[in-house]
Amino acid sequence: MKNMKNILNMTLCAMLAASALVSCGGSGSSSSETASTGGNSGSNSNSSSTSDTVNSDVIDEITLPISENGASFNIWTVWSNNYIESLNDNEAVQLMEEKTGVHIEYTCVPSDAATEKFGLLLVSDSLPDAIYLGEDALSYPGGGDKAIDDGTFIDLKDYVETYMPNYRAYRNSDELVSKMTLTDQGRMYYIPMLRSDSDANLSPEPAWVGLTIRQDWLDDLGLKAPETIAEWETVLTAFKEEKGAEAPLMIGPTGTIFTEAFTSAYGVTSTFFLKEDGTVGYGPMEEGYREWIELYRDWYAKGLIDPNFISNSANMVIPTEYGATGKTGAGSNIWGLTRHYYYEVGSSDDPDLDFVAIKAPTLNKGDTAQYKYVSYAVSNKYAVTSACKDVPTLLKWMDYQYTREGMLINAYGTEGKTYTMENDEPIYTDMMIHPSDDDGYLGVTSGDRLAVYARGDGVGLVPWDRWDQAYAQDKRSGIYVWHADGTDLALPQITMTEAEGNEYNMLFAQIQTLVQEKTVAYIMGTESMDTYDNFLSTLSSMNVERCIEIKQAALDRYNAR
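Residues numbered from 1 in each chain as written. Predicted model: local features only at pLDDT ≥ 70, side-chain atom pairs only at ≥ 80, totals over all residues. Heavy atoms only, no water.

When its secondary structure is counted, the protein chain shows 22 helices and 16 strands. Here the protein chain holds 561 residues, and the buried ones make up 56% of them. Partitioning the intrachain contacts of the protein chain with sequence separation of at least 6 by distance along the chain shows that 78% fall at a separation of at least 24. Split by element, the accessible area of the protein chain, about 22,000 Å² in all, is 46% carbon and sulfur. (Helix = DSSP H or I, 4+ residues; strand = E, 2+ residues; numbered from the N terminus. Buried < 20%, exposed > 50% of the residue type's maximum accessible area, 1.4 Å probe, protein only. Contact = heavy atoms within 4.5 Å. Areas by Shrake-Rupley, 256 points an atom, 1.4 Å probe, with all protein chains shown as cover.)

Written out as structure tokens, the structure reads:
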């Protein structure tokens, strides 16, 4: 399952983007740049403050080396790999140090321990220079503004304007990127990873997860790919009756699918969403949610839905014991698990087994579903802490990651070894695409090799199209099928204040529990639909409207940025 692990670890992107080509830094010079001094031992007190103030001379170009005397910083990050012990052993990381003169000592923690270790880190008396937050997988209690007010993170806005010409140019070129990288108070508490293409243009990645269906079964039955809810019922019935599928459609344990396929056909999602008038709605309070439940209730009774859905973790990925054995014909999947994946990895002995990407269904023929997994050019976040003693040098090093030269090192590795340039495009060498035992990594997939020879995800530009070379196109092409769905129902990345968050969390925990319990009961038929109005009344008595108000206030602030 190495392929699956690698794809799940990819960070994703989609939606608006304007393209901007920024000239590569390199051997040029700038009279406004002062030589960096000092550095950091990598162990600083939480109460210490930065020794640098923002210089009034704005830097227009990053020159190499960034540090003449070996500046050193510690970055705490979530990372693990089966082939090298630490990100410090990654060849691209070492090459980046040679280029910039800046040493980065990565403190790596595994993802399954990240939340606990992050909490311990924040209350320790020794912060690193920078902390990886992911795509809000790790969040400071109360948010970025609170972290700045507490003196834990630094407001980087003035530093960015002074010391980061390449990142600054990308922010200024794209309204959405500019908005997303500010807090509601107009501050910057992180420097992000920006998704791009290999030409260094901002380019959010197309959807990487979505609905899939067995094309070989459709072909055998003489059926076309279903587009509407009614066509889906016809197909699922055929899968059950003609192919003997025990679970024609796989769904998650709460009745939904990760990408809101099927719920979106009724103009809602299973949680908070953007209504047609631009305000925040909560799916279970809308009539469309009731209509969706009635559909699934009917399908469950007809045996068209996995009868054991409450115990199967099929929200995002079809379990192998179902997908590889003919027990199911449709469900959510990531692109790496599509097409003939189960046969390729030996989970099935059927070479014809073929899961293909399919658009989310709609009620009416010709309509487009208005929800998909939405990711943006702005991705993983890196906060600089108050323990950093040389913010300008660290941010100059970060800014080099936004040049095409820096991006190629991080994403492709070492030119002439792991990639070559052909017509100004980076092309992986055979050692990456056709693994051998020459380097001791026999059997390591192309995706895994990127973690050995290239840094991959991290601060700076990261081109998503590098995966096009590492994986078969019959799988990768699925992302464009899913990407064709719309996003009208998707809320942007809004942020609650500390007070709002505390109130919301207290209220919504019980609301969410009730919604999940009732949704499952209605679908399985263990509770009469005659109680549905009482269910809605109970939600109101639990202050669900207040939760909507809090989300609306956060959206209003986001729109006003």
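With that settled, the discussion passes to the sheet that holds strand S3 (residues 103-109). Strand pairs in the sheet, formed through backbone hydrogen bonds, run parallel or antiparallel to each other. The six strands lie next to each other as S3-S2-S5-S13-S6-S16, forming an open sheet whose pairing is mixed. Unpaired on one side and paired on the other, S3 and strand S16 (460-463) mark the two borders of the sheet. The mean inter-strand angle of the sheet, taken between neighbouring strand axes irrespective of direction, is 25°. Inspection of the sheet shows strand S2 (residues 72-78) paired to strand S5 (residues 130-134) by two bridges, in the parallel sense. The partner of Ile75 across the bridge, within S5, is Ala130. The strands touched by helix H3 (residues 114-122) within the sheet are S2, S3 and S5, with S2 carrying the most contacts at an inclination of about 140°. (Pairing = 2+ DSSP bridges. Axes fitted to C-alpha atoms, helices over the stretch in contact; angles between N-to-C directions.)

This part takes up unusual backbone geometry. With an omega of -5°, the peptide bond running from Leu64 to Pro65 counts as cis. Within the secondary structure, Pro65 is located in the loop between strand S1 (44-45) and S2. Phi angles above zero are rare outside glycine, and Asn423 is one such case at about 55°. Within the fold, Asn423 resides in the loop between strand S14 (419-422) and strand S15 (425-428). Despite not being glycine, Asn543 has its phi angle at roughly 70°, a positive value. In this fold, Asn543 is placed in the loop between helix H21 (532-541) and helix H22 (544-560). Assessed through its relative accessible area of 40%, Asn543 is described here as partly exposed.

Right, let's get into the sheet that holds strand S7 (residues 209-214). Pairing is mixed across the open sheet formed by four strands, whose spatial order is S8-S11-S7-S12. Of all the strands in the sheet, just strand S8 (247-249) and strand S12 (355-357) have a single pairing partner and so form its edges. Each strand axis lies, on average, 40° off the axis of its neighbour in the sheet, ignoring direction. By the bridge criterion, five bridges tie S7 to strand S11 (residues 328-334) in an arrangement that is antiparallel. Across the sheet, Val209 pairs through a bridge with Ile334, a residue of S11. Along the sheet, helix H9 (residues 229-243) makes contact with S7, S8 and S11, crossing S7 at roughly 50°.

Here we take up the environment of Asp129. You can see Asp129 is positioned in the loop between strand S4 (126-127) and S5. The class for Asp129 is buried, based on a relative accessible area of 0%. Expressed as a C-alpha distance, the spacing of Asp129 and Cys388, which sit 259 residues apart in the sequence, is 4.5 Å. Of note is the side chain of Asp129, whose polar atom sits 2.7 Å from the backbone nitrogen of Asn74. (Polar contact = N/O pair within 3.5 Å; in protein donor to acceptor, adjacent residues only side chain to side chain.)

Taken as a whole, the protein chain shows an average pLDDT of 88; of its residues, 88% reach a score of 70 or greater. Ignoring residues within four places in sequence, the model shows residues 1-51, a span with pLDDT below 50, making 162 contacts including any to other chains. (pLDDT = per-residue confidence, 0-100.)

Our next topic: the side chain of Asp485. As for its placement among the helices and strands, Asp485 is situated in the loop between helix H19 (478-483) and helix H20 (498-524). Buried charge without a partner: Asp485 forms no salt bridge, and the closest opposite charge is Lys359, 4.3 Å away. In terms of polar contacts, Asp485 uses its side chain to reach the backbone amide nitrogen of Ala360, at 3.2 Å. If we ignore the near neighbours within four places in the chain, the residues touching Asp485 are Lys359, Ala360, Thr368, Ala369, Tyr371 and Lys372. (Lys, Arg positive; Asp, Glu negative; His and termini not counted. Salt bridge = Lys/Arg side-chain N within 4 Å of Asp/Glu carboxyl O.)

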